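Below are the chains, spelled out letter by letter.
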Amino acid sequence: MTKPHILAFETYDAWDAEPMEQLFTVHRFPVSGDCNELSADTRESIKAIAFKGHTTLGPEIINAFPNVGLIANYGVGYDTIDVTHASSLGIKVTNTPDVLTNDVADLAVGMLLALNRDIIGADHWVRTGQWAGHGAYPLQRTLTGVSVGVAGLGRIGRAVANRLQGFDTDIHYYSQTEKDAPSSWKYHSSLIDLATAVDILMVTVSGGPETAGIISKEVIHAVGPDGLIVNCSRGSTVDEPALLDALEAGSLRGLATDVFNNEPEIDQRFLNLNNVLLQPHQSSATIETRKRMGQLQRDNLLAYFSEKPLLTAVN
Ligand code: 8YV
């Protein structure tokens, strides 16, 4: 049987690349971004796209592959894929939910703990001899009894809230509609109300046009000079210039973030701040989870080519 032709974006680890090559004839998306580097015959032979990464997959690229019927995303977030355009052409889109929820939530909580107690600064204090030279590290803040707000109670937000409940915090959340959640979790129908009520804001909403900039200047100021923001969602959800202004002015106590606008070419202002914890978009980046994400992406491709129901369709 001839192997179906697919177009693969970005590079894959061997445990994904090998089975992908066994199952499909894999064409690589040109590094230059110019689809015309692939011949018209090749572009027409391609029936599905294995998408990965955070570049834009918009009409220009999608239209260059006239026989594509599926875009299988490697990742839960699909904000860079123009799903509306894909749908208008009858192209299905899948993602990789659930398999990464725990790792993302773990990193979000890990970032919060590290930021709140300045674990990285304290490590530096020991390594540089300041403990012996200057004595005890400056006192930090407790998490016990603190009010934590989860912005977006989807799969990841819920996993974050479940973990933080174990730290004896008061859980508040914002969502468009009230969710079936423990009665002790306080629902807020507006982000400003949530930010005003809590000391720590965990951003777990999905990315995309609906959530662009929702962590606005007003929300950031409502979290306030005693407050922290932790972002494991998308850089686009936050008004980044307002966030940087607040951090520089001390009108927000601190930020931990795994995501940025224009990553990895992040705003250099982040690098001069000592009240931030910066991570290289690695919340799903464990060997185990990445293997599950690759498997789910391939399972969706296989389902498509064998005309079975897609496992995790988003349109
Ligand atoms: C990326 C992510 O997909 O799942 C998501 O939405 O942001 C990540 O897991 C991963 O970095 C691969 O690009």
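Remember, it's a predicted structure, so these values are computed and weren't measured experimentally. (Residues numbered from 1 in each chain as written. Predicted model: local features only at pLDDT ≥ 70, side-chain atom pairs only at ≥ 80, totals over all residues. Heavy atoms only, no water.)

S.K.: What should I look at first to understand the domain arrangement of the chain in this one?
M.R.: When the parts come together, some accessible area is lost, and that loss is often what is quoted as the size of the interface. Annotation of the chain at the domain level lists domain 1 (5-97 + 287-305) and domain 2 (101-278). Each of domain 1 and domain 2 was reduced to a C-alpha centroid, and the two centroids are 32 Å apart. Across the boundary between the two partners, domain 1 contributes six residues, which contact seven residues of domain 2. Between domain 1 and domain 2 lies a buried interface of about 540 Å² when both sides are counted; carbon and sulfur atoms form 49% of it. Inspection of the domain 1/domain 2 interface yields one salt bridge. Between Arg234 and Asp79 there is a salt bridge, with its nearest N and O atoms 2.9 Å apart. Linking domain 1 to domain 2 there are two residue pairs in polar contact (both at pLDDT 80 or more). (Domains from an automatic or database assignment. Contact = heavy atoms within 4.5 Å. Buried area = accessible area lost by both parts, 1.4 Å probe. Salt bridge = Lys/Arg side-chain N within 4 Å of Asp/Glu carboxyl O. Polar contact = N/O pair within 3.5 Å; in protein donor to acceptor, adjacent residues only side chain to side chain.)

S.K.: Please clarify how empty space enclosed by the protein should be interpreted in this entry.
M.R.: The method is simple in principle: a probe with the dimensions of a water molecule rolls over the atoms, and the space it marks as empty is what remains. Enumeration over the complete set of coordinates arrives at one cavity of 30 Å³ or more. Forming the boundary of the largest cavity are Asn231, Gly235, Val238, Glu240, Leu243, Leu255, Thr257, Val259 and Phe270. For the lining of the largest cavity, the secondary structure elements donating two or more residues are α11 (240-249) and β11 (254-257). Residue classes in the lining of the largest cavity are distributed as five nonpolar, three polar and one charged. (1 Å grid on protein atoms, 1.4 Å probe; cavity = no way out; pocket = protein on both sides within 12 Å on 5 of 7 lines; lining within 4 Å. Points joined across faces, edges and corners; volume = space filled by probe spheres on them. Helix = DSSP H or I, 4+ residues; strand = E, 2+ residues; numbered from the N terminus. Nonpolar A, V, L, I, M, F, W, Y, C, P; charged D, E, K, R; others polar.)

S.K.: Just to check I follow, could you spell out the layout of surface pockets for this structure?
M.R.: A volume near 280 Å³ is recorded for the second largest pocket. Broken down by secondary-structure element, the contributors of at least two residues to the lining of the second largest pocket are α5 (101-116), α6 (119-127) and β12 (276-278). The biggest single contributor to the lining of the second largest pocket is α5, with three residues. Tallied by class, residues from the lining of the second largest pocket come to nine nonpolar, six polar and three charged.

S.K.: Sorry if this is basic, but what is going on with the site of the ligand here?
M.R.: Every residue near the ligand is listed here: Gly53, His54, Tyr74, Gly75, Val76, Gly77, Leu100, Arg234, His281, Ser284, Arg290 and Met293. Contact between the ligand and Gly77: an oxygen atom at 2.8 Å from a main-chain N or O atom of the residue. Between Arg290 and the ligand, the recorded distance is 3.3 Å, taken from a side-chain N or O atom to an oxygen atom. Protein coverage of the free-state accessible area of the ligand, which is 330 Å², stands at 90%. For the shell around the ligand, the per-class residue count stands at four nonpolar, six polar and two charged. (Near = heavy atom within 4 Å. Areas by Shrake-Rupley, 256 points an atom, 1.4 Å probe, with all protein chains shown as cover.)

S.K.: Is there a simple way to think about the packing of aromatic side chains in this case?
M.R.: The geometry of an aromatic ring pair comes down to the distance between the two centres and the angle between the two planes. Tallied over the entire structure, the rule returns eight aromatic pairs. Ring plane angle 50° and centroid distance 5.3 Å describe the contact between Tyr173 and Tyr187, whose orientation is recorded as tilted. Residue Tyr173 is located in strand β7 (residues 170-174), and its partner Tyr187 is located in strand β8 (residues 186-188); the two are separated by 14 residues in the primary sequence. Classification of Tyr173 by relative accessible area gives buried; the value is 1%. Under the relative-accessibility criterion, Tyr187 is labelled buried at 19%. Taken together, a centroid distance of 5.2 Å and an interplanar angle of 70° make the contact between Tyr304 and Phe305 edge-to-face. With a relative accessible area of 25%, Phe305 lands in the partly exposed category. Joined through ring pairs, the aromatic side chains of Phe9, Phe29 and Phe51 make up one cluster. (Phe/Tyr/Trp six-rings, centres within 6.5 Å; stacked < 30°, edge-to-face > 60°. Buried < 20%, exposed > 50% of the residue type's maximum accessible area, 1.4 Å probe, protein only.)

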